[in-house]
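Examination of the molecular architecture
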Amino acid sequence: FPVTIARMVGYNYRLSNLLAALGRSQLRDLPKRVQRRREHFRAYAEAFLELPGIKMQPEAQWGRSTRWLTCLTVDPKRAGIDREKIRKALEKKNIEARPIWKPMHLQPVFKGAEYYGRGVSDRLFRDGLCLPSGSGMSDSEREKVIEVFRGVEGDWEDRRGGGGGDGIVTGK
């Protein structure tokens, strides 16, 4: 599956004058872009609310997320399917969804390095999925993602409608 692999440590903080000017010119559209991404998140959260084992990325009570990425986790035991089955179903319909980033301690460049974790990043990588949510995505494109996602065959078909979903709708 598609995942970013770090094979060497490196830094690249360069930004050309042209790219800096482009970025600065886009700042005036930032509130609209953030609002659009938040709309996508909200639509996904509402569409998946009753699906057991599907949990949307929560929003901190002390902040307001830009929803740069729309992420969720799939609990295979509760959902009856895993993240990869959903990702592959979307891929078959030419919809790109990606696992949440591979944790740094699992990257080849850090093989053998000390790791002070409790498995949270491993679980997020195993069960997490990033859905399409670009500010240029249309409502109809988003609805197609929802249709394919909800149509994935799995044990959750028998569990819908019982209020068992883990979806979180925030930031209305």
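For clarity, every value in this text was computed on a predicted model and none was experimentally measured.

Rules behind the numbers
Residues numbered from 1 in each chain as written. Predicted model: local features only at pLDDT ≥ 70, side-chain atom pairs only at ≥ 80, totals over all residues. Heavy atoms only, no water. 1 Å grid on protein atoms, 1.4 Å probe; cavity = no way out; pocket = protein on both sides within 12 Å on 5 of 7 lines; lining within 4 Å. Points joined across faces, edges and corners; volume = space filled by probe spheres on them. Helix = DSSP H or I, 4+ residues; strand = E, 2+ residues; numbered from the N terminus. Nonpolar A, V, L, I, M, F, W, Y, C, P; charged D, E, K, R; others polar.

Right, let's talk about the layout of surface pockets for a bit. Of the pockets and cavities examined, the largest pocket occupies roughly 330 Å³. Lining the largest pocket are 21 residues, with Leu69, Glu96, Ala97, Arg98 and Cys130 sitting closest to its centre. Those elements that place two or more of their residues in the lining of the largest pocket are strand E3 (98–99), strand E4 (128–131) and helix H6 (139–151). Looking at the lining of the largest pocket residue by residue, the classes come out as 13 nonpolar, three polar and five charged. Along its surface, the second largest pocket is lined by Lys55, Met56, Gln57, Pro58, Leu69, Cys71, Leu72, Thr73, Ile100, Trp101 and Leu124. Of all the elements in the fold, those that place two or more residues in the lining of the second largest pocket are strand E1 (54–56) and strand E2 (70–74). Looking at which element gives the most residues to the lining of the second largest pocket, the answer is E2, with three residues. Of the residues contributing to the lining of the second largest pocket, the split by class is eight nonpolar, two polar and one charged.

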